[in-house]
Each structure stands twice: as structure tokens, then as C-alpha cells.
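Here is what each chain is made of, one letter per residue.
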Amino acid sequence: MIIDINTLLAWGGVYKKVHAGDFIFQEGGTAVFYHQLISGSVRWVNINEEGREFLQVMIEPGESFGELPLFDGQPYAASAIANEDSIIIRLQKESFLSLLKENIAIHFAFTRLMIDRVRFKFYVIKELAQHDPENCISKLFAYLKQRKKNICPDCNRIKLTRQQIADMTGMRVETVIRSIRNLHKKGQLMIDKGKVYC
């Protein structure tokens, strides 16, 4: 959890329920709130003119999203969409910035979060540049496992769908399916009842 819920509530945070498919904010919009996911799941995506999504990151409970414009005043760089009925807590931008100024530990937590997300983008771009889908997917799973992100901590099941992996890597879903199947045949991951385990 980036910021304790009680701290957010003390600074004026408010709960908001969103339904599956709801936009929480849209690319190009103005940021007026800090968002932190309490329950459910949110995807942070760019959508092209044909409606195809490029998945930036899957947000899990306890994580924040859409912070960049709170710091630089620019529009949202991506849209946030609820994958399922979810509850978020929102805090007005001005209150959020005041909270950071008065709590250096929370400010440093955000610095680490930003660095982690930038490193992830470098990692994905580097692997995509090699034009080897199996290697890219294998490295992506290893990275997620190391970071304990989008993977069940108890059983190592990948929480991302094949479509979400395709949207995250810019590959076609057929390429992802074929690559996962090949990695399974090589013993580099396991598929059981359609679920992928690393």
C-alpha cells in the first residue's frame, strides 16, 4: 500500500465505486485526484484510433495509478479502466501534494514507484527490440515474478490473460498463445487447465 487508507481519509480522501468497464479517467484529461485501488482491478491503457488497447500496467489493490500529471501538470498519458467492479479512494490533487510535502517517507515511496515503472518500460522495450516473442514473454514473466506483480504469490499463476499479455507487449494474441505453448513444451513454464504458471 503506497499510502495508508486512514491517512488518505484524514486528508480528505473519499471512496468511489466503479463498475467493470467504467473509465476512471481518460488519456488527455486533466488530473484533479490522486487514485489508489482498494479492491478490484484496473488497467492503465493507451487506446489507438481503431480501439486497440496497449496495456501499460495492471493495477492491483493497494497500488496507485495516474500520478504523473499530479507532478507535472500535463494531461493524463493513458486511460484507466476498471476490469471488474472496484473500489478506489480519491484525494484532491492539492491535498495530495500537501500530504507529500509533510510526509517525506511517502514522497520517497512515490519516487521508488516511478523509478520501478520506468525500469519496467525500459525492460519491456529492450526485450521487444530482440523480436523473439518467446524470450520476451519468458523475460516478462521472470520480471513480474521477481517484482511479485500480477502473479499469485502462493502458486506462481500468472494473473494476466493472454490478451492482456498481448496488449502489454504489442504482440498479436495468437503469437502470445503460440509462444506460451512453446515455452510449456520446453519446460520453461507450466499450463494447467488453461492457467499459466511460471
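- The name given to the protein in an unreviewed UniProt entry is CRP-like cAMP-binding protein, and the organism recorded there is Sediminibacterium goheungense.

Description of the environment of Val14
- Looking at the element boundaries, Val14 is found in strand S1 (residues 14-18).
- Looking at Val14, the relative accessible area reads 51%, which means it is exposed.
- Taking the C-alpha atoms as reference points, Val14 and Ile88, 74 residues apart in sequence, are found 8.3 Å from one another.

Notes on the packing of helix H5 (residues 133-147) against helix H7 (residues 173-185)
- Across the interface, H5 lies against H7 with an axial gap of 9 Å and an inter-helix angle of 75°. Taken together, the axes of H5 and H7 are roughly perpendicular relative to one another. Between H5 and H7, the contacting residues are Pro133, Glu134, Ile137, Ser138 and Phe141 on the first element and Thr175, Val176, Ser179, Ile180, Asn182 and Leu183 on the second.
- Here the residues of the contact of H5 with H7 are counted per class, giving six nonpolar, four polar and one charged.

Examining the UniProt feature "domain: HTH crp-type" (unreviewed entry) in the protein
- Per the UniProt record, the feature "domain: HTH crp-type" (unreviewed entry) sits at residues 131-198.
- End C-alpha atoms of residues 131-198 are separated by 21 Å, and the span's content is 53% helix alongside 9% strand.

What to know about the nonpolar core
- Ile3, Ile24, Tyr34, Phe65, Phe96 and Phe110 are the most contacted members of the largest nonpolar core, which totals 27 residues.
- Elements represented by at least two residues in this core include exactly strand S2 (23-25), strand S3 (33-39), strand S4 (42-47), strand S5 (53-59), strand S7 (79-82), strand S8 (86-92), helix H3 (93-102) and helix H4 (104-128).
- For Ile3, the residues in contact, after removing those within four places along its chain, are Leu8, Tyr34, Gln36, Phe96, Leu99, Ile106 and Phe110.

Describing the sheet that holds S8
- If you trace the four strands from one edge of the open sheet to the other, you get S1-S8-S3-S6, paired in antiparallel fashion. Taken across any chain shown, the strands that pair with only one partner, and hence form the sheet edges, are S1 and strand S6 (64-65).
- Inspection of the sheet shows S3 paired to S8 by six bridges, in the antiparallel sense. Among the inter-strand pairings, His35 is bridged to a residue of S8, identified as Arg90.
- H3 contacts S3 and S8 of the sheet and is inclined by roughly 75° relative to S8.

Observations concerning the domain arrangement of the protein
- The assigned domain composition of the protein is domain 1 (5-103) and domain 2 (130-197).
- With ten residues of domain 1 in contact, the opposing surface of domain 2 contributes 13 residues.
- Roughly 870 Å² of surface becomes buried between domain 1 and domain 2 when both sides are summed, with 44% attributable to carbon and sulfur atoms.
- It is Leu55, Met58 and Glu60 in domain 1 that bury the most area against domain 2; as a group they hold 52% of the surface buried on that side.

What counts, and at which threshold
Residue numbers run consecutively from 1 along every chain, following the written order of its sequence. Residue-level local features of this predicted model are given only where pLDDT is at least 70; pairs of side-chain atoms are given and counted only at 80 or more, and the full residue set underlies all totals for whole chains, interfaces and linings. In computing side-chain values, all of the structure's heavy atoms are included and hydrogens and water are not. Numbering of helices and strands runs from the N terminus; a helix is a DSSP stretch of H or I covering at least four residues, while a strand is a stretch of E covering at least two. Buried means the residue's accessible area, taken with a 1.4 Å probe over protein chains only, is under 20% of the maximum for its type, while exposed means over 50%, and partly exposed covers the values in between. Axis definition: a line fitted to C-alpha atoms, over the contacting stretch in the case of helices. Angles run 0 to 180 degrees between N-to-C directions. For classification, angles of less than 35 degrees are called roughly parallel, those exceeding 145 degrees roughly antiparallel, those between 65 and 115 degrees roughly perpendicular, and all remaining angles oblique. By definition in these notes, contact holds between two residues if any of their heavy atoms fall within 4.5 Å. All residues other than Ala, Val, Leu, Ile, Met, Phe, Trp, Tyr, Cys, Pro, Asp, Glu, Lys and Arg, Gly among them, are scored as polar; the first ten of these are nonpolar and the last four charged. UniProt positions are given in the numbering used here, feature names are shortened, and annotations may be inferred rather than shown by experiment. What is meant by a nonpolar core is a set of buried Ala, Val, Leu, Ile, Met, Phe, Trp, Tyr and Cys residues, joined one to another through side-chain atoms within 4.5 Å. When DSSP locates at least two bridges between a pair of strands, those strands are taken to pair. Start and end positions for the domains come from either an automated domain assignment or a database one. Using a 1.4 Å probe, buried area is obtained as the accessible area two parts lose upon being combined, added over both of them.

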